[in-house]
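Observations on the three-dimensional arrangement
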Amino acid sequence: MLMAGMICSPLLANAQLLKGKLVGIQGEDVAVAYSPDGYLLNQQVIEMKVADDGTFTYDRPLEKSADVEIYIGEAGIFGAHLENGKTLEMTITKNGKEMEATFKGPNAEISRFVNLSSKAFDSMKYSSMDPSASRPNAEYRALLEENYAKVKAALKKIKNKEQRQYYTRLSEGNYKWTKARLIMDDCENKKVNSKTDPEMLALIKDIDVNDDINYQTNMSLTALNQSAKNEFGGNNEALCYELMDIVNKRVTNPKLRNVMVRIIGQDYYIYGDGTGNYEEFTKRFKEFAGNDAPIVDGMYKNFLEVKKAKEKTATGTPAPDITLDTPDGKQVQLKDICKGKFTYIDVWATWCGPCKKEIPHMAKLVERFKGNDKVLFISISVDENVEAWKKMIEADKPEWAQYNIHGKTNQQFSADWGITGIPRFIMIDKDGNIFSADATRPSNEETAKTIEEQTK
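Cut-offs used in this document
- Residues numbered from 1 in each chain as written.
- Predicted model: local features only at pLDDT ≥ 70, side-chain atom pairs only at ≥ 80, totals over all residues.
- Heavy atoms only, no water.
- Disulfide = S-S within 2.5 Å.
- pLDDT = per-residue confidence, 0-100.
- Contact = heavy atoms within 4.5 Å.
- Pairing = 2+ DSSP bridges.
- Helix = DSSP H or I, 4+ residues; strand = E, 2+ residues; numbered from the N terminus.
- Axes fitted to C-alpha atoms, helices over the stretch in contact; angles between N-to-C directions.
- Parallel < 35°, antiparallel > 145°, perpendicular 65-115°, else oblique.
- Nonpolar A, V, L, I, M, F, W, Y, C, P; charged D, E, K, R; others polar.
- Polar contact = N/O pair within 3.5 Å; in protein donor to acceptor, adjacent residues only side chain to side chain.
- Phe/Tyr/Trp six-rings, centres within 6.5 Å; stacked < 30°, edge-to-face > 60°.
- Buried < 20%, exposed > 50% of the residue type's maximum accessible area, 1.4 Å probe, protein only.
- Lys NZ or Arg CZ within 6 Å of the ring centre and 35° of its normal.

Here we look at the state of the cysteines
Two cysteines form a disulfide when their sulfur atoms are joined by a covalent bond. By the definition in use, this model includes one disulfide. Lacking any disulfide linkage, C187 is separated from the closest cysteine sulfur, that of C352, by 19 Å.

Following this line, the structure appears as structure tokens:
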């Protein structure tokens, strides 16, 4: 599973790159997501203040010209192309239920395309928190083809030849990555291995993993992971050693190698069961990492801290408290909302695919225990991009309580509970003590049985 390295940064006072205005949209926050190297997992999220007249500005300097994504509360996602030294004007207008973006000034033409593309490949279009709103895989596939056709038609209108060639390749990569996700979803639903799926094999067959476009669109990582013969599970040692061999043989792009070091480390230190020879693994992993060895040192240190945290979160010990943010901006204490109830907690994020796959099962649990006032279900999002979280829950309207933690609060929560990856599920008993710091998932039949036994 991948974890996005998002950070929330303060707004810096520099030349205005974007002058925006919301028309007919009130009470919404604005956030801009930007990746210095174009890779999704390296996105930074910058929150901006909206003035009373609906205007906002983005003036954080870029390393180079870049595409950004703008989140306007529940209004959704918009795209734009920004360039240092030039100011783009963007107006987002609400007409009924629809939101439309218009652009003026430098890069207006290319921003119109980037906006269309951002919407076409928005991952939330192809999944849903609400099981009743979820669509068959075939319908999502058809929607993807329809959106990609619109993108290809728009590509023909880009006048600059170099830009047209770049965005043609980028669009193809985004299309393939979205298709790969849908194939993996379909394989998981059918309980078959995506690594042997003919369609997946055809999709990744000719992927040049060292190509920057494939790196940016996540196809490089997909091709490498899908080529591994060992399966994910247990201590993950065999899988991680195999991935190291694959990287040594195939990867020359330093940015991709850095990402693979982080992914392999996560697979072992975060998702492994800790039964392997972690001292020997760390020695060999550091040799493999080379210049990225400091990353391994940090992961290993965190691994040891998590082991200590697991000892502190043994069954029967008092549950650590934390302050949670509500969707309407209020704050509550975890201990207060859990008091007197057996509580089942889902720790997730909007960018986490495995998290979202568990949400329909969570909804079924909530429905199953509806009317039972002895049990409480809550979801805690760790999204740094709070607007993306708000957008998703506004769209899907889950029937159980939703909260968010980010920044230092999330760091403290993760340290207290020994959380190094999501999804993570927690059970707290009615007396406020830990029942399980790493509980079974909603999709596991044992989860409902446990809740039934504890709420008789």
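Side note on the confidence of the model for the chain
Taken as a whole, the chain shows an average pLDDT of 90; of its residues, 95% reach a score of 70 or greater. Taken together, the stretch residues 1-13 has pLDDT below 50 and engages in 48 contacts with residues farther than four places along the chain or on a different chain.

A look at the sheet that holds strand β8 (residues 88-95)
Each strand in a sheet pairs with another by means of backbone hydrogen bonds, the pair being arranged parallel or else antiparallel. Here four strands make up an open sheet; going across it, the order is β5-β2-β8-β9 and the pairing mixed. Looking at the sheet topology across the chains shown, the edges are occupied by β5 (55-58) and β9 (98-104). Here the average twist between neighbouring strands, direction ignored, is 20 degrees. Of the strand pairs in this sheet, strand β2 (residues 18-23) and β5 are connected by four bridges, and their pairing is antiparallel. Across the sheet, the residue bridging to G20 is F56, located in β5. With respect to the sheet, helix α1 (residues 108-120) is in contact with β8 and β9, its orientation differing from that of β9 by roughly 155 degrees.

A closer look at the packing of helix α7 (residues 237-250) against helix α8 (residues 254-270)
One way to put it is that α7 packs onto α8 with a least axis distance of 9 Å and a crossing angle of 170 degrees. In terms of their interaxial angle, α7 and α8 are classed as roughly antiparallel. Judged by residue contacts, E237, L239, C240, L243, M244, V247 and N248 of α7 engage R257, M260, I264, D267 and Y268 from α8. Of the residues assigned to the contact of α7 with α8, the class counts are eight nonpolar, one polar and three charged.

Thoughts on the side chain of D122
Within the element layout of this structure, D122 appears in the loop between α1 and α2 (137-155). Within the local environment of D122, its side chain forms a polar contact with the side chain of K391, the two groups lying 2.9 Å apart. Once residues within four sequence positions are removed from consideration, D122 is found in contact with I77 and K391.

Observations regarding the packing of aromatic side chains
On inspection of all chains with the given rule, the structure shows 23 aromatic pairs. Taken together, a centroid distance of 5.3 Å and an interplanar angle of 75 degrees make the contact between F342 and F435 edge-to-face. Taken together, the residues F342 in strand β12 (residues 342-348) and F435 in strand β16 (residues 434-436) connect sequence positions 93 residues apart. The class of F342 is buried, set by a relative accessible area of 2%. Exposure remark for F435: the relative accessible area of 26% places this residue in the partly exposed category. Sitting above the plane of the F78 ring, K119 keeps its charged end 3.9 Å from the centroid. The lysine or arginine in question, R257, covers the ring of F288, its NZ or CZ lying 4.6 Å from the ring centre.

Notes on the pairing of strand β3 (residues 30-34)
Burial within β3 is extensive, with five of its five residues counted as buried. Judged by which residues are buried, β3 turns out to be covered on both faces: V30, V32 and Y34 on one side and A31 and A33 on the other are all buried. Pairing geometry for β3 and strand β4 (residues 44-48), over five bridges, is antiparallel. Its bridge partner lying in β4, A31 is registered against E47. One ladder, built from four bridges, connects β3 with strand β6 (residues 66-72); its direction is antiparallel. Looking at β6, one finds that V30 is bridged to I72.

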